[in-house]
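Descriptive structure summary
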Amino acid sequence: MSETILRADAMLTPEGAVAGAELRFDPSGRITYAGPAQAGHDGAGSAEGTVHELRGHVLMPGLVNGHTHSAMTLLRGVSDDEGFMPWLAAVQALEQHLTHDDVATGLQLAMVEMIETGTVAFADMYHWDARLIELVRGAGMRAMVALASFTPEAVGFPGVSPWSGAEATDQTEALAERYAGDPQIRLAYGPHAPYTCPPEFLREIARRAVERGIPIHTHISESAAEVEQIRERYGATPGEHLASLGLFEAEVLAAHCVHLTPGEIDRFAREGVAVSHNPVSNLKLGCGIAALPEWQEAGLRIALGTDSVASNNTLDLFEEIKTATVLHRGARQDAAIVRAADVLDIATRRGAEAIGFPESGALEAGRLADVIALDVTGSAATPLELASDPAALTSHLGFAASGRDVRHVFIGGRHVYADGRHLTLDADAIRSRAARARTRLAAAARER
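Conventions and cut-offs
- Residues numbered from 1 in each chain as written.
- Predicted model: local features only at pLDDT ≥ 70, side-chain atom pairs only at ≥ 80, totals over all residues.
- Heavy atoms only, no water.
- UniProt positions renumbered as here; feature names shortened; annotations may be inferred.
- Helix = DSSP H or I, 4+ residues; strand = E, 2+ residues; numbered from the N terminus.
- Expected span 1.5 Å × (residues − 1).
- Buried < 20%, exposed > 50% of the residue type's maximum accessible area, 1.4 Å probe, protein only.
- Contact = heavy atoms within 4.5 Å.
- Core = buried A, V, L, I, M, F, W, Y, C linked by side-chain atoms within 4.5 Å.
- Domains from an automatic or database assignment.
- Axes fitted to C-alpha atoms, helices over the stretch in contact; angles between N-to-C directions.
- Parallel < 35°, antiparallel > 145°, perpendicular 65-115°, else oblique.
- Left-handed = near helix turned anticlockwise from the far one by under 90°.
- Nonpolar A, V, L, I, M, F, W, Y, C, P; charged D, E, K, R; others polar.
- Phe/Tyr/Trp six-rings, centres within 6.5 Å; stacked < 30°, edge-to-face > 60°.
- Pairing = 2+ DSSP bridges.
- Right-handed = clockwise from strand over helix to strand, strands pointing away.

Moving on, we get to the UniProt feature "domain: Amidohydrolase-related" (unreviewed entry) in the protein chain. This chain's UniProt record puts "domain: Amidohydrolase-related" (unreviewed entry) on residues 58–415. The straight-line gap between the two end C-alpha atoms of residues 58–415 is 16 Å; of that span, 41% is helix and 18% is strand.

Take a look at the structure:
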């Protein structure tokens, strides 16, 4: 059986770092071996298959973005110095001018950026339909896609689609049936948040989610203002309010969760709610610092996300990895409270499980070959003596590595990014279309 073989200076595995590493996967994209390099197989090719000699590189699992809004790459840098509510108003004003082509271009631009910075899978909430899903499949990425909705009557993206919230809910179910069993795609309901969705709508989505086995992706307790608003309306915290509507009887991915109470953290752990920690976005919008140490102690299912580039400006998860590690150390004045190894696990294996791709996320036999190779010959990687100290790999990936170091990306064994060149996307053409679309959006907003 023909295999693909990757050999590198080191590799991050569930058991730790391996120096002088070799990874093998079969034509189905399943890893058959992950460990020390095996002797007797040299050259760029052999009877066994293709060999990639990646000297000066290290291998690690592909990264998983636990929460984003991909099409919003066209809104990068909007209202950069505003707080959450003014920022949201500015973003929504521009969104009213988006077309379906804009959303497609924004999605493709996001995938260009994610792939070239090492992300292989993402959880997204925005407008989605079969045409957009096929763009993800063509690019080779994995995605949990949620059709955003607000109220049953409201049309979320009038220039993109005529679907109301109720119609988006129906379309979610139709798309879930169409892509059932697809290894790259999961569908989710996308009720935006408890402060934008009426209780009756949330209750109905929860009922349908349980009945059909479709997950829910939503925002919870992102800002203190949201928490106060929900308390005033319903006499409960957002988590308590959603629990009363039966939401947590379904599979839920909750973004942000900055202001969860201790009781909500315990409830989320008991109910199996997955949470996406988005530290850079939370900090940029002045929303606060989520209680990651308490989440870990409670045993929550955790992913690491960027949110959209409108509230973050990049989709580079290595920035999130470092920030998530050092942020809590500084805030708690305790350098041992969050370890780089744990955050790397959240950004890979645990994130993949949280968004529904449990066969991804780790380099070990039997799993899918979602793997990235990083260059470690640059200044930020010097000195890095992996042969004598393989454990130094975790430190490098957690504190010094950058998305700019990514040179190769394989997803399910498919080579989608090779030595800095996209193999499934026309990056230059996509960037050109995105620049033109942003210019048009800005002009349209000024004319209002």
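Now, onward.
This part is about helix α5 (residues 199–212). Here α5 spans 20 Å end to end across 14 residues, near enough to the 20 Å set by a 1.5 Å rise per residue. Listed as buried for α5 are Pro199, Phe201, Leu202, Ile205, Ala206, Arg208 and Ala209. As for α5, its buried residues are in contact with β8 (142–149), α4 (165–178), β9 (185–191), β10 (216–220), α6 (224–234) and α7 (238–244). Phi for Gly213, located one or two positions after α5, is positive at around 70°.

What follows is about the nonpolar core. Counting residues in hydrophobic clusters, the biggest one holds 129 residues, and the most contacted among them are Trp128 and Trp295. Counting only domains with at least three residues in this core, you end up with domain 1 (3–61 + 362–412) and domain 2 (63–355). Trp295 has contacts with His256, Cys257, Leu260, Ile265, Val275, Ser276, His277, Ala290, Leu300 and Ile302, leaving out every residue within four places of it along the chain. Membership of the second largest hydrophobic core comes to 15 residues, among which are Val18, Ala369, Val371 and Phe410.

Turning our eyes to something else, we now look at the packing of helix α11 (residues 317–332) against helix α12 (residues 340–354). Packing of α11 against α12 brings their axes to within 9 Å, and their N-to-C directions diverge by 140°. With respect to each other, α11 and α12 are oriented oblique. Our pair here, α11 against α12, has a crossing hand that is right-handed. Touching Ile321, Ala324, Thr325 and Arg329 of α11 are Ala340, Val343, Leu344 and Ala347, all from α12. Looking at the contact of α11 with α12 residue by residue, the classes come out as six nonpolar, one polar and one charged.

Per the stated rule, a full pass over the model turns up three aromatic pairs. Ring centres of Tyr126 and Phe157 lie 4.5 Å apart, and the angle between their planes is 40°; this geometry places the pair in the tilted category. Of the two residues, Tyr126 sits in strand β7 (residues 119–126) while Phe157 sits in the loop between β8 and α4, which places them 31 residues apart along the sequence. Both residues of the pair, Tyr126 and Phe157, count as buried.

This part takes up unusual backbone geometry. Looking along the chain, the bond that leaves Thr382 and enters Pro383 is cis, with omega of -5°. Mapped onto the elements of the fold, Pro383 is located in the loop between β14 (371–375) and α13 (392–399). Non-glycine residue Cys257 carries a positive phi angle of around 55°. Inspection of the secondary structure assignment puts Cys257 in the loop between β11 (252–256) and α8 (262–271). A positive phi is found at Asp419, a non-glycine position, where the angle reads about 50°. Relative to the elements of secondary structure, Asp419 occurs in the loop between β16 (414–418) and β17 (421–422). Residue Asp419 is classed as exposed on the basis of its relative accessible area of 58%.

Okay, the pairing of strand β5 (residues 49–61) next. Within β5, 10 of the 13 residues are buried, leaving the element largely enclosed by the surrounding structure. Pairing geometry for β5 and β14, over five bridges, is antiparallel. Following the sheet pairing, Val58 is matched in β14 by Leu374.

A separate point is the environment of Ile289. Note that Ile289 resides in the loop between α9 (279–284) and α10 (292–298). By relative accessible area, which is 39% here, Ile289 ends up partly exposed. Measuring from C-alpha to C-alpha, the distance between Ile289 and Asn278 comes to 9.3 Å, with 11 residues separating the pair along the chain. Not counting residues within four places of it along the chain, the set of residues in contact with Ile289 comprises Val258, Leu283, Leu327, His328 and Ala331.

So, about the environment of Asp102. Note on placement: Asp102 falls in helix α2 (residues 100–116). Judged by its relative accessible area of 5%, Asp102 is buried. Separated by 177 residues in sequence, Asp102 and Pro279 place their C-alpha atoms 27 Å apart. Beyond its immediate stretch of four places on either side in the chain, Asp102 contacts Leu74, His97, Ala437, Arg440 and Leu441.

This next bit is on the pairing of β8. Burial within β8 is extensive, with eight of its eight residues counted as buried. Side chains of β8 alternate between two faces, with Arg142, Met144, Ala146 and Ala148 and Ala143, Val145, Leu147 and Ser149 buried alike. Across six bridges, the pairing between β7 and β8 is parallel. Across the sheet, the residue bridging to Phe122 is Ala143, located in β8. Two elements, β8 and β9, share seven bridges in a ladder whose sense is parallel. Note that in β9 the partner of Met144 across the bridge is Arg186. The β-α-β motif built from β8, the intervening α4 and the parallel element β9 has right-handed crossover chirality.

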